[in-house]
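# Commentary on secondary and tertiary structure
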Amino acid sequence: MLAGVLLLIFLPPLVAKDLCKDSQDGFKVRLSIKTGLGDDAYEWNESEMFLFRSTLAYAMRKHSNQDTYTIDNILVCNDTQRVSFVFVVTSTDDPDQLIPKEQVELAVRQNKHRINNAFLLSDMTLEFMGIPPTLSAPIIYDTEPWLIVFGVVIGAVAVGIVALLMSTVSKKRRAKEKAAGLSEEDEGIVKENGTALSSLGRKEGVYNQAFSNDDRFTKL
Amino acid sequence: MKLKLKLPNPGLDERIPSHAELEKLELEEAGERPQWDNKAQYMLTCVGFCVGLGNVWRFPYLCQSHGGGAFMIPFLILLVLEGIPLLHLEFAIGQRLRKGSVGVWRSINPYLVGVGIASMLVSFMVGMYYNTIIAWVLWYFFNSFQDPLPWSQCPVNENRTGFVSECEDSSPVDYFWYRKTLNTTPVIEDSGGLQWWIVLCLFCAWTLLWVCCLRGIETTGKAVYVTSTLPYLVLTIFLIRGLTLKGSVSGIKFLFTPDLDELLNPSTWLDAGAQVFYSFSLAFGGLISFSSYNSVHNNCEQDAVIISIINGLTSIYAAIVIYSIIGFRATERFDDCLNGNILTLMNTFDLPEGNITESSYDGFLQHLNSTVPAVFQDLQLKTCDMQTFLSQGVEGTGLAFIVFTEAITKMPISPLWSVLFFIMLFCLGLSTMFGNIEGVVVPLQDLNLLPKKWPKEVFTGLTCVVSFVTALVFVQSSGNYWLALFDGFAGSIPLLVIALCEIIAVVYVYGIDRFNNDLQFMVGHKPNIFWQVTWRFLSPIILLVILIFYFVTTVSKQLTYNVWDPDSDNFPTLKEVNYPSWISGIIFILAGIPSLSIPGVAIIRALWKHCSKDKEKNDERSISGKEASLNTIA
């Protein structure tokens, strides 16, 4: 009878271990604490494992909307020094039945960031083999930043072009006015004298073709 | 020593201003030609023209691939024997004849106008593709104002389970360059249409250039205070940043480790000569133009030596900076590779973390190999070789837009370094473009093709608009391949031909004796034996040798190019593909037309003169005939 009682006491954990080891519905988990945290790395011990099991139970609760999952539903085995192990989730109604792989996967994916944060790790350092990480959504800008910078530069260039062109135009206008002003002064002087010759101003005289010297045809 | 060999050149004295006329011009300052505000503007403009993107991304690569420190020897020798004499020649002839490139060659002999036209064509073609590179630089610059930088991580695919496959197979920087920037097609025939974002950047680049060149050297003279000095400031900042990063010293050591055997390789000397030549921006006509705005008695000999030294030192300085950053990147890659392998080992053998470190890695590998060789083979660990990572230092656009941008993403405060780096590249490129525009606009004015009374703003604006429209070729998806084509053929052989013609024209057509006298008038003393020997023999011979070698290698090699093809077997390595057959026509247009315009214009002019002489003779005969008949009547 003692043997029977002992068997009854030790059977569940043995069975549990078998459930975990042999099942197809388990996932391998791998933690790289030293890689992720460097000097702030914590020691992996039973308490950390307890935290892990409880976070997984929390994930199952959220996914299935049943508040019946407890830490005993999460079974762990194949512990290694690497800090990697396999876990399975048992059903709340029947401790011998395992929750199928797909359900567990969905639960983990939904709550991955909460599980990561509980351990201060990331998708790279807390891996669930077989569950691809859901990558964060790309940042969508209302206006692309490069268009803003482009607009600023083009605006500055446009201002520069307009300023330079206007300064050229105003310089030319000033030069014209100066030239017009000088020639007005000349006419004034000529008018004072009033003689015909001086009215020619700065011209070199009138070209009289009869007395021209550069006849092309006299090169005999 | 008077030169006996001199080609006949009648009428030279009528075409050029005499010394007395130059003195008068100097005293009265009556010339219509623009002038530099001060010597510093002139020096900065010339330094800016010479120091360009090639100093940053071609010289360091050549240095590292041709034996490191040993490359300095052919580089410095050829700098002294080839670069400085040609530079002095261009400065002196511009200062003496006081015209742009077409004007100078027309003054020396009207049959040489082709040299000026060739310079103008080459300046135009090179300017077109060079500014497209600046457009790419601007694109990266605009995209640097965000954190994280867009080339630091792969974009996520539709169902957010992984990254886009093209990016996953290559790398985020490759993906951003080939897909997001260029949107490149697998072959050059596949045009792929215009990429609107690069069109905008190209428009920005040309308008920026126009605003700086609007009134010729009046505006560029002010712009160069910033564009020529900023690169040095940024290089220094990067040097300080680089030296504080891990692994930078290994990069510098790798750069300068001398391999004296490379000196026996002729291609080392050839590459050194070509680099010196292209680095000095000779034969574009821009330097002649810039020098013609100087006062007559400016010491051009001193200027040439100073600018050559600055150019050489800048190349070496830039190489140090670039390789310190490449060393950092190689070390990061090596560490990542090693850590990846260590992780694989730990995962396979379920060892606790920290069991294998970088130092115990090799020992552990050997232990594994001896105990469980089968498992070890299956692991497929990557080979992590520091030398491979260091020699991945590529050249050209690959260096700036792939290797360097990757290094920047690994530095803290990446957007700041990215902004600084691309501003530096922008300034380097823009100051070179000033010289290119000068080399196009001034000959255009000298050729009297357009009305003379049009203001300078119209000339520069027209050049910019026409160049922008033709440069849209480089904005298509296949644009990168077109650019490589232009770079390889339009900017190489024609320049060598033009430079050779320049030096022969000045020494043998203008006359080295007259040239020596001019220099004595301008500078105060006759050029010494070094200049005589290099101008008469050494520099032309070196140019001829480089030209022949270049020509032979270009003609004999297979016409292939490298493409980015996501469907190829070796992806992400670039695939080598043959050019289509019609490319030879394009190559002939690019390289042949400028080179052939030199004899072509001479022949056309000779024919025209012959025809007009015949016409004159006929006219004279008919007139004298008429006069005889008049006399008989009278």
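Values in this document were obtained by computation on a predicted structure and should not be read as measured data.

Helix and strand counts for chain B come out as 27 helices and two strands. The globule rule puts the C-alpha radius of gyration for 634 residues at 26 Å, and the 29 Å found for chain B is close to it. Projected onto its principal axes, the C-alpha coordinates of chain B cover approximately 125 × 50 × 45 Å. A buried classification covers 56% of the 634 residues belonging to chain B. Put simply, 82% of the contacts in chain B that link residues at least 6 apart link residues at least 24 apart. Carbon together with sulfur atoms contributes 63% to the accessible area of chain B, which is approximately 26600 Å² in total. The centroid of the 39 positive side-chain charges in chain B is displaced by 13 Å from the centroid of its 53 negative side-chain charges.

This part takes up the sheet that holds strand S3 (residues 84–89) of chain A. Residue and element names in this part refer to chain A. Taken together, four strands build an open sheet; the order of strands is S2-S3-S1-S4 and the sheet is antiparallel. With one partner strand each, in any of the chains shown, strand S2 (74–77) and strand S4 (126–128) form the two edges of the open sheet. Sheet twist, expressed as the average angle between the axes of neighbouring strands with direction ignored, equals 30°. Relative to S3, S2 runs antiparallel, the two being bridged by four bridges. Within the sheet, the bridge partner assigned to Cys77 lies in S3 and is Val86. Strands in contact with helix H5 (residues 112–119) are strand S1 (27–31) and S4; relative to S4, the strand with the most contacts, it is inclined by about 140°.

A word on the pattern of salt bridges. Residues and elements named next belong to chain B. Taken as a whole, this structure holds 15 salt bridges over all chains when the rule is applied. The closest approach of N and O atoms between Arg179 and Glu166, which form a salt bridge, is 3.1 Å. In this pair, Arg179 is assigned in helix H10 (residues 172–181) and Glu166 in helix H9 (residues 165–169), connecting sequence segments 13 residues apart. In this structure, Arg179 and Glu166 share a single accessibility class: buried.

Here the focus is the pairing of strand S1 (residues 560–563) of chain B. All names here are of chain B. Side-chain alternation along S1 places Tyr561 and Val563 on a buried face and Thr560 and Asn562 on a face that remains uncovered. Pairing of S1 with strand S2 (residues 575–578) involves four bridges; the strand directions are antiparallel. Counterpart to Tyr561 in the pairing with S2 is Val577.

Looking now at the state of the cysteines. Residue and element names in this part refer to chain B. By the definition in use, this model includes two disulfides over all chains. Bridging Cys154 to Cys167, the disulfide has an S-S length of 1.8 Å. Judged by the torsion about the S-S bond (-85°), the Cys154/Cys167 disulfide is left-handed. Placement of the pair is Cys154 in the loop between helix H8 (113–142) and H9 and Cys167 in helix H9, with a sequence separation of 13 residues. Classification of Cys154 as buried rests on a relative accessible area of 11%. You can call Cys167 buried: its relative accessible area is 1%. Each sulfur in the disulfide pair Cys337 and Cys384 lies 1.8 Å from the other. Around the S-S axis, the bridge from Cys337 to Cys384 shows a dihedral of about -85° and counts as left-handed. Separated by 47 residues along the polypeptide, Cys337 in helix H17 (residues 300–349) and Cys384 in the loop between helix H19 (373–379) and helix H20 (386–390) bring together distant segments of the chain. For the pair shown, Cys337 and Cys384 are each scored as buried. Once the disulfide-bonded cysteines of chain B are ranked by sequence position, their pairing pattern turns out to be 1-2, 3-4.

All names here are of chain B. Summarising the element assignment, Cys50 is placed in helix H3 (residues 39–50). For the pair formed by Cys50 and Gly114, sequence separation is 64 residues and the distance between their alpha carbons is 24 Å. Beyond its immediate sequence surroundings of up to four residues, Cys50 is in contact with Asn55, Ser279, Phe280, Ser281, Ile307 and Asn311.

Here we come to the UniProt feature "binding site: Na(+)" (unreviewed entry) in chain B. Residues and elements named next belong to chain B. According to UniProt, the feature "binding site: Na(+)" (unreviewed entry) maps to Gly48, Val51, Asn55, Ser279, Asn311 and Leu428 in the numbering used here. A maximum C-alpha distance of 12.4 Å is found for the annotated residues, which run over 381 residues; spatially they form one tight group. With respect to the helices and strands, Ser279 occurs in helix H15 (residues 266–279). The class for Ser279 is buried, based on a relative accessible area of 8%. Discounting residues that sit within four places of it in the chain, Ser279 has contacts with Cys50, Asn55 and Asn311. With respect to the secondary-structure elements, Leu428 resides in helix H22 (residues 414–446). Setting aside its immediate chain neighbours within four residues, Leu428 contacts Gly48, Val51, Gly52, Leu53, Val56 and Pro231.

Residue and element names in this part refer to chain A. Turning to helix H4 (residues 101–110), its buried residues are Val104, Ala107 and Val108. The buried residues of H4 occupy one face: seen down the axis, they fall within an arc of 95°. Close packing links the buried residues of H4 with S1, helix H3 (46–64), S3, H5 and S4.

Below, the discussion takes up the interface of chain A and chain B. On the side of chain B, 37 residues touch chain A, which itself brings 36 residues to the contact. Both faces combined, the contact of chain A with chain B buries some 3100 Å², and carbon together with sulfur accounts for 66% of it. When the area that chain A buries against chain B is broken down by residue, the three leading residues are Arg82, Leu135 and Trp146 of chain A, summing to 23%. Across the chain A-chain B interface, the total number found is one salt bridge. Put simply, Glu218 of chain B and Lys171 of chain A hold a salt bridge, and the shortest N to O gap is 3.6 Å. For the pair chain A and chain B, the interface holds six residue pairs in polar contact (both at pLDDT 80 or more).

Moving on, we get to the side chain of Thr207 of chain B. Here Thr207 of chain B is to be found in helix H11 (residues 196–213). Excluding residues that lie within four positions of it along the chain, Thr207 of chain B makes contacts with Ile154, Val157 and Ile161 of chain A.

Attention now moves to the confidence of the model for chain B. Summary statistics for chain B give a mean pLDDT of 89 and a share of 97% for residues scoring 70 or more. Both scores are given for the predicted complex: the pTM is 0.86, the ipTM 0.85.

Conventions and cut-offs
Residues numbered from 1 in each chain as written. Chains lettered and ligands numbered in written order. Predicted model: local features only at pLDDT ≥ 70, side-chain atom pairs only at ≥ 80, totals over all residues. Heavy atoms only, no water. Helix = DSSP H or I, 4+ residues; strand = E, 2+ residues; numbered from the N terminus. Rg over C-alpha atoms; globule rule 2.2 N^0.38 Å. Buried < 20%, exposed > 50% of the residue type's maximum accessible area, 1.4 Å probe, protein only. Contact = heavy atoms within 4.5 Å. Areas by Shrake-Rupley, 256 points an atom, 1.4 Å probe, with all protein chains shown as cover. Lys, Arg positive; Asp, Glu negative; His and termini not counted. Charge placed at Lys NZ, Arg CZ, Asp CG, Glu CD. Pairing = 2+ DSSP bridges. Axes fitted to C-alpha atoms, helices over the stretch in contact; angles between N-to-C directions. Salt bridge = Lys/Arg side-chain N within 4 Å of Asp/Glu carboxyl O. Disulfide = S-S within 2.5 Å. UniProt positions renumbered as here; feature names shortened; annotations may be inferred. Arc of directions from axis to C-beta. Buried area = accessible area lost by both parts, 1.4 Å probe. Polar contact = N/O pair within 3.5 Å; in protein donor to acceptor, adjacent residues only side chain to side chain. pLDDT = per-residue confidence, 0-100.

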